[in-house]
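Below are the chains, spelled out letter by letter.
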Amino acid sequence: MVLKPFVDALPVPRVLKPKDKNRDRTYYEVEMREFFHKFHRDLPPTKVWGYEGQIPGPTFEVDQFEKVHVLWKNKLPDKHILPVDRTLHGCGEHDPEVRTVVHLHGANVEPESDGYPDAWFTRDFEKCGPRFFRKVYKYDNFQEPTTLWYHDHAIGITRLNVYAGLAGLYIIRNEHERLLNLPSGVYEIPLVIQDKSFNPDGSLFYPSTVDVQNPPPDFPDVSVTPGFTGNTIVVNGKAWPYLEVERRKYRFRILNASNQRFYRLSLDSGQQFIQIGSDGGLMQRPVKLDEIIIAPSERVDVVVDFSGQKTGCKINLVNTARTPFDFGEPPDPLTTGLIMQFRVIERTSEDTSTVPEFLTKIKRYNEDDAYRMRDITLDVTNDMYNRLLFLLNNRDYYGGITEEPGVDEVEIWRFVNPGLAFHPMHVHQVQFQVLDRIPFDVNEYVATGRIRYTGETEDPPANERGWKDTVQCAPGHVTRIIAKFGPFTGRYVYHCHILEHEDHDMMRPFDVVAKLDPCNRKKCDCRGK
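Keep in mind that what you see is a predicted model, and the values were worked out from it rather than measured.

Asks: Help me understand the overall build of the protein chain, please; the structure alone is not making it clear to me.
Replies: When helices and strands are counted, the protein chain shows four helices and 30 strands. For 529 residues, the compact-globule formula gives about 24 Å, and the C-alpha radius of gyration of the protein chain, at 22 Å, lands near that figure. The principal-axis extent of the C-alpha atoms belonging to the protein chain is close to 65 × 55 × 55 Å. By residue count, 61% of the 529 residues in the protein chain fall in the buried class. Long-range contacts, defined here as pairs at least 24 residues apart, represent 78% of the contacts in the protein chain between residues at least 6 apart. Approximately 20900 Å² of the protein chain is accessible, and the part contributed by carbon and sulfur atoms is 49%. The distance from the centre of the 66 positive side-chain charges to the centre of the 76 negative ones in the protein chain is 3 Å.

Asks: Help me out: how do you make sense of the pattern of salt bridges in this one?
Replies: Once their charged atoms are close, side chains differing in charge can pair, the charge on each being opposite to the other. Summed over all chains, the structure comprises 41 salt bridges. Arg247 is paired through a salt bridge with Glu346; the nearest N and O atoms lie 4.0 Å apart. Residue Arg247 is located in the loop between β13 (242-246) and β14 (249-256), and its partner Glu346 is located in the loop between β21 (338-345) and β22 (370-382); the two are separated by 99 residues in the primary sequence. We note a salt bridge from Arg248 to Asp351, for which the minimum N-O separation is 3.1 Å. Taken as a pair, Arg248 in the loop between β13 and β14 and Asp351 in the loop between β21 and β22 lie far apart in primary sequence, 103 residues in all.

Asks: Whenever I open this one, the sheet that holds strand β4 (residues 57-63) confuses me. Can you help?
Replies: Strand pairing in a sheet takes place through backbone hydrogen bonds and is either antiparallel or parallel in direction. The four strands lie next to each other as β4-β9-β8-β6, forming an open sheet whose pairing is mixed. This sheet does not close on itself; its edge strands, each paired only once, are β4 and β6 (102-105). Strand-to-strand twist across the sheet, computed as the mean angle between neighbouring axes with direction ignored, equals 20 degrees. Looking at chain direction, β6 and strand β8 (residues 146-152) are connected through four bridges and run antiparallel. Counted as the bridge partner of His105 is Trp149 from β8.

Asks: Whenever I open this one, the packing of aromatic side chains confuses me. Can you help?
Replies: In this description, a pair of aromatic rings is defined by centroid distance and the angle of the planes. Taken as a whole and judged by the stated rule, the model has 32 aromatic pairs. With centroids separated by 5.8 Å and ring planes inclined at 75 degrees, the aromatic side chains of Tyr250 and Phe306 adopt a geometry described as edge-to-face. Remark: Phe306 occurs in the loop between β19 (299-305) and β20 (314-319) and Tyr250 occurs in strand β14; sequence separation between them is 56 residues. Exposure class is identical for Tyr250 and Phe306. Each is buried. Arranged with centres 6.2 Å apart and planes meeting at 45 degrees, the rings of Tyr494 and Phe510 form a pair that is tilted. Taken together, the residues Tyr494 in strand β29 (residues 490-496) and Phe510 in strand β30 (residues 507-512) connect sequence positions 16 residues apart. Judged on exposure class, the residue Tyr494 and its partner Phe510 are both buried.

Thresholds, definitions, all that
Residues numbered from 1 in each chain as written. Predicted model: local features only at pLDDT ≥ 70, side-chain atom pairs only at ≥ 80, totals over all residues. Heavy atoms only, no water. Helix = DSSP H or I, 4+ residues; strand = E, 2+ residues; numbered from the N terminus. Rg over C-alpha atoms; globule rule 2.2 N^0.38 Å. Buried < 20%, exposed > 50% of the residue type's maximum accessible area, 1.4 Å probe, protein only. Contact = heavy atoms within 4.5 Å. Areas by Shrake-Rupley, 256 points an atom, 1.4 Å probe, with all protein chains shown as cover. Lys, Arg positive; Asp, Glu negative; His and termini not counted. Charge placed at Lys NZ, Arg CZ, Asp CG, Glu CD. Salt bridge = Lys/Arg side-chain N within 4 Å of Asp/Glu carboxyl O. Pairing = 2+ DSSP bridges. Axes fitted to C-alpha atoms, helices over the stretch in contact; angles between N-to-C directions. Phe/Tyr/Trp six-rings, centres within 6.5 Å; stacked < 30°, edge-to-face > 60°.

Here it is as structure tokens:
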């Protein structure tokens, strides 16, 4: 079935109301449920999973420093609606098929509330994983106002659970941001972008196996794929929706919640985006851009000014990114090259909103303050079934702890990518800063393990100079980030946010440890191997 774009209005996820609120805490309860959702006027209802029975889940809106407690309740069935590969970590024949654990992506929280992949729980909390189980998660929200998102993070099935619908937004606000007089209220709209594919009966399509060369006789009937992209672009739960916009400024909080697909976004009217924020909050100054590249899990906070457009005109938000990014097939301009449509109508009231030249002060980390520099290699090989296998430092998820940053210590991590593809690398617990990207000789590195730079250091573009929790690691480059770890000690993970890579096996745990006596703690440049 060929679906016609721009026939459904863009839904706006509702704001979640707390069950209880007092001076000490704000308390929410959120259920994960199976239900039917209509993605398009011409599609039959689709069986999905979602938080509070909606796709995407309801939006949390909280204040900076507000102490939020959430009881995440698994009310899902015992049978998954998508094909489960039993060969992956945590997916053995004795593990429950349906497991969930919620990660608040980009939040600085204690490990018990971070959504550790092994801390899964089943329906009604009858069973739980071996580590960090807690029914009520605590979010203290002491970071900058920003757009975070919550999604499932269960070991071995994250790609399936998120694709089934388990994702939503979490917005932190403060008084400083309110005083900036940015577009707000009905003129501030979240855009959660995903890609899906559908069977003729309207059900979600997700591949059950993958073609490999010379598969062994025991090749699994259900097998993870190296990456999945759908043929239908969905925004806020609707395929290619439209939005009526007045001739004025709008603020859009954009999230790429796709499994693998990158987007290169632009407006076919030729007008610019004014980016005001990135993953971790407002940037120091706004940046005007003709196009924006957004990787899986990244967020961009933008203002678009429609005041110069004529009433009745239609403006398409389009995508030109290749998949796999940025060497694969180009998008079809009639399907995956389209995101949504804006339809300009007359302004109903005067637009008094502004985009200030200065947004907030960002304190830059100093490289000289770093206690340690670590190398994290992004590796590709084959597993025992001859499938592509993505690793970090040539270790799988259960390959032991090799990174132990100290509380309040600054570290530089160098992501070394000798492969062909971009990898969006996400580090839990911290918001970091991107230092630079440097091209290196891949052939020499593969042959000797030595890094020889072949070009000039590439500073991050202006819209990457704010706070980040996910960074695009380009092939043939060393991508450097700098972060301060803490204030909590405990176990977290870092991983590629292409969800098929994360599940197999491009994710590693790390421990944040208590800082030693500074007299005995010396700086070093160990490579974390």
